[in-house]
Amino acid sequence: MSHETALSSQLFERAKRIIPAGVNSPVRAFGSVGGTPPFIASASGAILTDADGNEYVDLVGSWGPMILGHANPQVVEAVREAAGRGLSYGAPQAGEISLVEEVARRMAPIEKLRLVNSGTEATMSALRVARAATGRDVIVKFAGCYHGHVDALLAEAGSGVATFAMPGSAGVTASTAADTVVVPYGDREAVRELFARRGGEIAAIITEAAPANMGVVPPADGTDLRDGGEGIGFNRFLAETAHAAGALLITDEVLTGFRASAGGYYGIDGDGWAPDLMTFGKVIGGGLPVGAFGGRADLMDLLAPLGPVYQAGTLSGNPLATAAGMATFEGLDEAAYAHLDRASAQLQALVADALAAEGVAHTIQTAGTLFSVFFRDEPVRTYEDAKDQDTAAFGRFFHSLLDSGIYLPPSAFEAWFVSTAHDDQILDRIGAALPAAAKAAARG
Ligand code: PMP
């Protein structure tokens, strides 16, 4: 370690005595890359400051929400102002309508939407609606896709489940697991075969609009005929296959929503088809706990008290959270997306140059402004491909960057997150640290 981490180490030891692994979400524990996670004391713009006073350029962005950078003045002011009017009412407030209208304005398939407190709640609730609407039990998901820690969706999941090479989770009942069928990502033949056999039992297919929790693996578009696409993108194929069998398609935009593009991944991919339900989180709360699920009005009107599907939340539509979400959307104009595009492309080029100079195997994949770096030379199309990378090289790369004050996601299976605060000066700081990190990755 080239920097002092005594206080973070003390905090980590104290945390581990009372919080499992010392963290409230697994990947934060640095379990796959080793070492002590810095405990963050404050954050501003693109910079995190830890308990020992070390600064890091942040490429995690709280795993997506901090798209305008940390402590963005407009967002902080909106939250401060909302806080002065009370923290939670447990009764409707106007900010909920504004946030929901803004999501619907940017996302054509949304006719009705309900706010929850996390992406997990959003996908869990969307499954319940889909099952109620179809009267069927089976959910189809793709290996390597992560949809939060919903019992039914942890099988062969991405994110931390992938990072720690877990097949799924203990504590999920056999009957729940039996209602989830996992298919290799992008495998149209497997989807067709499954629907031919069990179409009448399937309530819904759920997919990340563009998978980003096994690294970024964009769906084949209509021009990609390698997988027998016949001119139809993979997501559209899923919609058509589901609909032909009376099943629904749920696209999960918790991560891609309002990040991949101004219209999420649907804004890139949504030509000639629509999902029945969609899920959101992260960006729409601007750093406070918000998720949302929505889509067709006839499906959403199944929710209580209009219909028989129960779903609720003490803090759902919280006024601070809706204020943070709205202030974030207000900052997400055309110029913001142009900036994100440019910063993302520049960073990709810096990383590719540094790794290529040291002969380190790598592939960079993108979904709009979102990208990730795989430590292998071949493209990644499935979870099996994603697992077949040099995670040890990633670990060395990660630690070299951390020592130089650059904070990457501590896993080879995660996307990297830039914000509108990642300006040329910040990119220069990353660029200066990359050659040594690439050397470390190469030193096997
Ligand atoms: N879906 C996707 C695509 C996600 O990336 C995540 C979180 N990384 C979730 C769902 C779960 O969201 P949360 O962590 O807010 O429960």
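Residues numbered from 1 in each chain as written. Predicted model: local features only at pLDDT ≥ 70, side-chain atom pairs only at ≥ 80, totals over all residues.

**Examining helix H15 (residues 424-442)**
The test is simple: The numbering of helices and of strands both runs from the N terminus, where a helix is a DSSP run of H or I of at least 4 residues and a strand a run of E of at least 2. Take the number of residues in a helix, subtract one, and multiply by 1.5 Å to get its expected span. Note on bend: the value at a residue is the angle between axes fitted to the seven residues ending there and to the seven starting there. Comment: burial labels come from other C-beta atoms within 10 Å of the residue's own C-beta, placed from the backbone, where a count of 20 or more is buried, 12 or fewer is exposed, and between is partly exposed.
Here H15 is 19 residues long and its end C-alpha atoms lie 27 Å apart, about the 27 Å a rise of 1.5 Å per residue gives. When the local axis directions of H15 are compared, the greatest deviation, roughly 35°, occurs at Leu 434, which is followed within four positions by the proline Pro 435. Listed as buried for H15 are Ile 426, Ile 430, Ala 433, Leu 434, Ala 437, Ala 438 and Ala 441.

**Notes on the sheet that holds strand E10 (residues 291-295)**
Paired through backbone hydrogen bonds, the strands of a sheet run either parallel or antiparallel to each other. Formally: Two strands form a pair only when DSSP identifies at least two bridges running between them. To get an axis, fit a line to the C-alpha atoms, keeping to the stretch in contact for a helix; angles then go from 0 to 180 degrees between the N-to-C directions. Remark: residues whose backbone-derived C-beta atoms lie within 7 Å of one another are considered to be in contact.
A sheet is described by the order of its strands in space; here seven strands give the open sequence E4-E10-E9-E8-E7-E5-E6, paired in mixed fashion. The sheet is open, and its two borders are formed by strand E4 (112-116) and strand E6 (180-183), each paired with just one other strand. Sheet twist, expressed as the average angle between the axes of neighbouring strands with direction ignored, equals 20°. Relative to strand E9 (residues 277-280), strand E8 (residues 248-252) runs parallel, the two being bridged by three bridges. Across the sheet, residue Asp 252 finds its bridge partner in E9, namely Thr 279. Contacts from helix H3 (residues 94-106) reach E4, E9 and E10, with the element oriented near 125° to E4. Packing against the sheet, helix H7 (residues 188-198) makes contact with strand E5 (138-142), E6 and strand E7 (202-208), and its axis sits at approximately 150° to E6.

**Considering the sheet that holds strand E3 (residues 55-58)**
Ordered by their spatial adjacency, four strands build an open sheet running E1-E2-E3-E13, and the pairing between neighbours is mixed. The open sheet has two edge strands with one neighbour each: strand E1 (40-44) and strand E13 (406-407). Strand direction decides the pairing type here: strand E2 (residues 47-50) and E3, joined by three bridges, are antiparallel. Its bridge partner lying in E3, Ile 47 is registered against Val 57.

So far we have only geometry, and geometry alone does not tell us how the molecule works.
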